Amino acid sequence: MAEKEPYYLTTAIAYTSGKPHIGNTYEIVLADAIARFKRMQGYDVFFQTGTDEHGQKIEEKAKQSGVTPKQFVDERAAEVKRIWDLMNTTYDKFIRTTDADHEAQVQKIFKKFYEQGDIYKGAYEGMYCTPCESFWTESQLVDGKCPDCGREVKPAKEEAYFFKMGKYADRLIEHINTHPEFIQPVSRKNEMMNNFLLPGLQDLCVSRTSFKWGIPVDFDEKHVVYVWLDALNNYITGIGFDVDNPSEQYKKLWPAGLHLIGKDIIRFHTIYWPIFLMALGQPLPKQVFGHPWLLQGGEKMSKSKGNVIYADDLVSLFGVDAVRYFVLHEMPFDNDGTITWELVAERNNAELANVLGNLVNRTVAMSNKYFGGVVENKNVSDEVDEDFKAFVAGVKDKVVSKMDELRVADAISEVFALFRRSNKYIDETAPWALAKDEAQRDRLATVLYNLAESILIGASLLKPFLPETADKILSFFGETVRALDDLSTFGLYRGGKVVEKPEILFARVDYAKEIAPKVAAIQEAQRKAYEAEQPKEPDPKITIDDFAKIKIKVGEVIACEAVKKSKLLHETVKIGGETRSILSGIAAYYTPEEMVGKKVLVVTNLPPRTMKGIVSEGMILCAEDKDGRVVLVSPEQDVESGSEIS
RNA sequence: CGCGGGGUGGAGCAGCCAGGUAGCUCGUCGGGCUCAUAACCCGAAGGUCGCAAGUCCGAAUCUUGCCCCCGCAACCA
């Protein structure tokens, strides 16, 4: 027997700055479906996922929470793993970039690059704002000053290591052009070529000195390795790569069959990562698939509103497989998809409960009712059987071909087409009518056998997507998953006894009555948790003299226009005898027309500031509520322009 | 002209790369059936495929311009 062909697939490793929401969870489920399917196809699959745990952001978050970075990421990584496990995903390895062997290898790789001249020591040059400790490029500066604090910046240099990207660019362009399958979907390929490769690659800064929470450069301890050079290498360190002596596992598995990643990090995976591999003298992964995002419908997701959707909340309401179904089926191939609680409930009812659950239920029920639960093929065929059998037997090939293109959503649709066809078959054969005629008893048995067989084929095909459900269905018929190769042959089921009372696979839910209140409770809890997290320092007290320093006067808006491509309105305000040009970020809440004629309160002794090329000579006072809605503050009665506030 | 994605019957999407009867799921309406989780099956209504121009025998699909929406970034004195 031939040795199984290896297939190594990875997800991006999750950044441990926060709890992964449903959009992040989607990726692991998608990878799991692919991994399970590949195993079914007979590949020797190795499926790796994990967490990316270094970087400045994590250092800061840990500090805020008052724990060490290590404690912080331990907690976060455990949370990620818990959710991955909850989703019933079958990863073979969960790597963490803080694993000792990973860190050691990254140091070796960095050193090798340095020794072979791919990495050189240089200086990062730019405009530096000392109070903010940040570098800015010329184009980022606002009015020649720091975009964060508005203070002066000065040219500065910081020592850093750089990777010579240009050296490998031609080879990479060549590779991408000769391997059209390398970047998926293809639309992403052009984006990478046109925006980054063809204009010429900049050398990449691959070390940092501004924070400590990273892998130290072992021959120059004040530097830590840039997070991407650290993180990307997980794909090889996780399977035992070693600069000097790669493991047997590495030799077997590399190059990877598939890196599954979000579309936002395609650049790192199709440009930097291949180039690092070239520098290591290693072959490139066969395929990088940048999947789209699962976006939350309606309003923007934010913790303060409590409307972030997390996998575990969804699972608590709908069950694991319903959530897997939703993310796998609802996610388009190259557009972003939408998720709302209501949509999940709708899919649960319309497809899982009505089409699949009810089909299984009615089939088992009829087998019990008419034959005491014994399914037997009596081979009494009818014309209508032919089309049905051909359809069912043809589904496997369709699923395989969709999966070969990574069109998981389409693959799962094909399986459901089988279940829909089976429901139709029940109508075509009307078993309840056959049951009334004793002479049709064998025909009735055959119909129920055909139904059972089609459900069994469907359940086996469903296994990679909805593993628990597939197993339950099969167990109702006393069967186990059938080999993929046997799924295009109709009639392999030998018959047998079905369960007396099948468990309801997916219960219908009433969104308004059952789900909506629970969703409200989840959101409320989330909002409270968020508020509790916020530092609650009392506002520092000021003196009356401090207040007196602020000059606030009543002004009248005499002209106003929107500033293009911004949230700004540009008002001309008459304050007593003078007029001022003022900018305010309220374009989303007021139109220029309604601003004109309004009496507003203006802080008049702020230094002028330029935004979008326009000078602002004051600030109009507004109130902002917790949803970010902004409302002008105005004198309660009409008062003369120029009046002072005291 | 910061980067990117999108505008297809009421909703969510496919079709666009390789032009040629506009498809799927839900919803609505009508009918059928009663084994089943008020589920299932059949039929119907409903779309000038964002707007305009161009290429072509022919454009949802290719080209150009414009409008609008959504992310990210920036900005909100």
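So, here's what we can say about the structure.

Each value, and the rule that gives it
Residues numbered from 1 in each chain as written. Chains lettered and ligands numbered in written order. Predicted model: local features only at pLDDT ≥ 70, side-chain atom pairs only at ≥ 80, totals over all residues. Heavy atoms only, no water. Axes fitted to C-alpha atoms, helices over the stretch in contact; angles between N-to-C directions. Helix = DSSP H or I, 4+ residues; strand = E, 2+ residues; numbered from the N terminus. Parallel < 35°, antiparallel > 145°, perpendicular 65-115°, else oblique. Contact = heavy atoms within 4.5 Å. Nonpolar A, V, L, I, M, F, W, Y, C, P; charged D, E, K, R; others polar. Near = heavy atom within 4 Å. Polar contact = N/O pair within 3.5 Å; in protein donor to acceptor, adjacent residues only side chain to side chain. Expected span 1.5 Å × (residues − 1). Bend = angle between axes of the 7 residues up to and from the residue. Buried < 20%, exposed > 50% of the residue type's maximum accessible area, 1.4 Å probe, protein only. Core = buried A, V, L, I, M, F, W, Y, C linked by side-chain atoms within 4.5 Å. Patch = residues over 30% accessible without salt bridge, like charges linked within 9 Å, V, L, I, M, F, W, Y side chains within 5 Å. Areas by Shrake-Rupley, 256 points an atom, 1.4 Å probe, with all protein chains shown as cover. Salt bridge = Lys/Arg side-chain N within 4 Å of Asp/Glu carboxyl O. Phe/Tyr/Trp six-rings, centres within 6.5 Å; stacked < 30°, edge-to-face > 60°. Lys NZ or Arg CZ within 6 Å of the ring centre and 35° of its normal. Pairing = 2+ DSSP bridges. 1 Å grid on protein atoms, 1.4 Å probe; cavity = no way out; pocket = protein on both sides within 12 Å on 5 of 7 lines; lining within 4 Å. Points joined across faces, edges and corners; volume = space filled by probe spheres on them. Left-handed = near helix turned anticlockwise from the far one by under 90°.

What follows deals with the packing of helix 12 (residues 320-330) against helix 13 (residues 341-371). Orientation of helix 12 relative to helix 13, taken along the N-to-C sense of each, is 95°, at an axis distance of 10 Å. In terms of orientation, helix 12 lies roughly perpendicular with respect to helix 13. On helix 13, the residues touching Ala 322, Tyr 325, Phe 326, His 329 and Glu 330 of helix 12 are Leu 343, Val 344, Arg 347, Asn 348, Glu 351 and Leu 352. Classifying every residue of the contact of helix 12 with helix 13 by side-chain character gives six nonpolar, two polar and three charged.

This brings us to the protein's contact with RNA strand B. Residues in close proximity to RNA strand B total 47 residues, the closest being Glu 351, Asn 358, Arg 362, Gly 585 and Met 611. Of all atoms in RNA strand B that approach within 4 Å of the protein, 77% are sugar or phosphate atoms. Between RNA strand B and Asn 358 there is a distance of 2.4 Å, counted from a sugar or linking oxygen to a side-chain nitrogen or oxygen. Residue Asn 423 places a main-chain N or O atom 3.4 Å away from a sugar or linking oxygen belonging to RNA strand B. Where the surface near RNA strand B is concerned, the elements lending two or more residues are helix 6 (186-197), helix 13, helix 15 (408-429), strand 20 (578-584) and strand 22 (609-611). Of the residues forming the surface near RNA strand B, the biggest block, 14 residues, is contributed by helix 13. Among the residues making up the surface near RNA strand B, the classes are represented as 18 nonpolar, twelve polar and 17 charged.

Our next topic: helix 14 (residues 383-404). Compared with the 32 Å implied by 1.5 Å per residue over 22 residues, the 34 Å span of helix 14 between its first and last C-alpha is a close match. Remark: the principal bend of helix 14, roughly 30°, maps to Val 395. Restricting attention to buried positions, one finds in helix 14 the residues Asp 385, Phe 388, Val 392, Ala 393, Val 395, Lys 396, Val 399, Val 400 and Met 403. Close packing links the buried residues of helix 14 with helix 1 (22-40), helix 15 and helix 17 (441-462).

If you look at the biggest cluster of nonpolar residues, it comprises 103 residues, and the most contacted ones within it are Phe 318, Phe 465 and Phe 477. Beyond its immediate sequence surroundings of up to four residues, Phe 318 is in contact with Trp 341, Val 344, Ala 345, Asn 348, Val 509 and Ile 515. Counting 51 residues, the second largest nonpolar core, distinct from the first, contains Val 106, Met 165, Ile 183 and Leu 201.

The subject of this paragraph is a nonpolar patch on the surface. Taken together, the side chains of Ile 542, Ile 544, Phe 547 and Ile 550 define a hydrophobic patch exposed on the protein surface, amounting to about 390 Å² of accessible area. Summarising the element assignment, Ile 544 is placed in helix 20 (residues 544-549).

Moving on to the packing of aromatic side chains. Enumeration over the complete set of coordinates arrives at 26 aromatic pairs. Taken together, a centroid distance of 5.9 Å and an interplanar angle of 50° make the contact between Tyr 8 and Phe 46 tilted. Highlighted residues: Tyr 8 in strand 1 (residues 6-11) and Phe 46 in strand 3 (residues 44-52), separated in sequence by 38 residues. Between Tyr 325 and Phe 416, the ring centres sit 5.0 Å apart and the planes meet at 50°, which makes this aromatic pair tilted. Taken together, the residues Tyr 325 in helix 12 and Phe 416 in helix 15 connect sequence positions 91 residues apart. Its relative accessible area of 2% is what places Phe 416 among the buried residues. Here the aromatic cluster, defined as three or more aromatic residues joined through ring pairs, consists of Tyr 8, Phe 46, Tyr 235, Phe 241, Tyr 250, Trp 254 and Trp 273. Directly above the aromatic system of Phe 94 lies the positively charged group of Lys 81, at a separation of 6.0 Å from the ring centroid. The ring of Phe 391 has Lys 398 lying over it, and the distance from NZ or CZ to the ring centre is 4.8 Å.

Moving on to the environment of Glu 376. One can find Glu 376 in the loop between strand 16 (374-375) and helix 14. Residues Glu 376 and Gly 122 lie 254 residues apart in sequence; the distance between their C-alpha atoms is 78 Å. Not counting residues up to four positions away in its chain, the partners in contact with Glu 376 are Ala 445, Thr 446 and Tyr 449.

Next up on the list: the pairing of strand 21 (residues 599-603). Within strand 21, five of the five residues are buried, leaving the element largely enclosed by the surrounding structure. Judged from the five bridges that link them, strand 18 (residues 552-562) and strand 21 form a sheet pairing that is antiparallel. Within the sheet, the bridge partner assigned to Ile 552 lies in strand 21 and is Val 603. Relative to strand 24 (residues 619-620), strand 21 runs antiparallel, the two being bridged by two bridges. Across the sheet, Val 602 pairs through a bridge with Ile 620, a residue of strand 24.

The next point concerns the sheet that holds strand 19 (residues 569-575). The strand order across the open sheet built from five strands is 20-19-18-21-24, with neighbouring strands paired in antiparallel fashion. Only two strands of the sheet have a single partner each, and these edge strands are strand 20 and strand 24. Bridge count for strand 19 against strand 20 is seven bridges, and the pairing is antiparallel. When the bridges of strand 20 are listed, Val 573 appears paired with Arg 580.

It is the rolling of a water-molecule-sized probe over the atoms that shows where space remains empty. This structure, assessed with the given rule, holds two cavities of 30 Å³ or more. Empty space within the largest cavity amounts to approximately 40 Å³. Around the largest cavity, the lining residues are Ile 34, Phe 37, Lys 38, Gln 41, Met 403, Asp 404 and Leu 406. Secondary-structure elements contributing two or more residues to the lining of the largest cavity are helix 1 and helix 14. Broken down by element, the residue count for the lining of the largest cavity peaks at three residues, all from helix 1. Each residue belonging to the lining of the largest cavity can be placed in one class, and the counts come to four nonpolar, one polar and two charged. Each pocket or cavity is described by its volume, and for the second largest cavity that value is around 30 Å³. Taken together, Leu 456, Ile 457, Ser 460, Leu 474, Glu 479, Thr 480 and Arg 482 make up the full set of residues lining the second largest cavity. Tallying contributions element by element places helix 17 first for the lining of the second largest cavity, with three residues. For the lining of the second largest cavity, the class distribution of residues is three nonpolar, two polar and two charged.

Let us now look at the packing of helix 13 against helix 17. Between helix 13 and helix 17, whose axes approach to 10 Å, the crossing angle comes to 145°. As helix 13 runs across helix 17, the sense of the crossing is left-handed. Counted together, Leu 356, Leu 359, Val 360, Thr 363, Met 366, Ser 367, Tyr 370 and Phe 371 of helix 13 and Arg 441, Leu 444, Ala 445, Leu 448, Leu 451, Ala 452, Ile 455 and Leu 462 of helix 17 form the full contact between these two elements. Along the lines of polarity and charge, the residues of the contact of helix 13 with helix 17 split into 13 nonpolar, two polar and one charged.

Relative to the elements of secondary structure, Thr 98 occurs in the loop between strand 4 (93-96) and helix 4 (100-115). Among the residues examined, Thr 98 registers a relative accessible area of 12% and is labelled buried. At a separation of 2.6 Å, a polar atom in the side chain of Thr 98 contacts the side chain of Glu 53. Residues within four places of Thr 98 in sequence aside, it is in contact with Glu 53, His 54, Lys 70, Val 73, Glu 103 and Trp 213.

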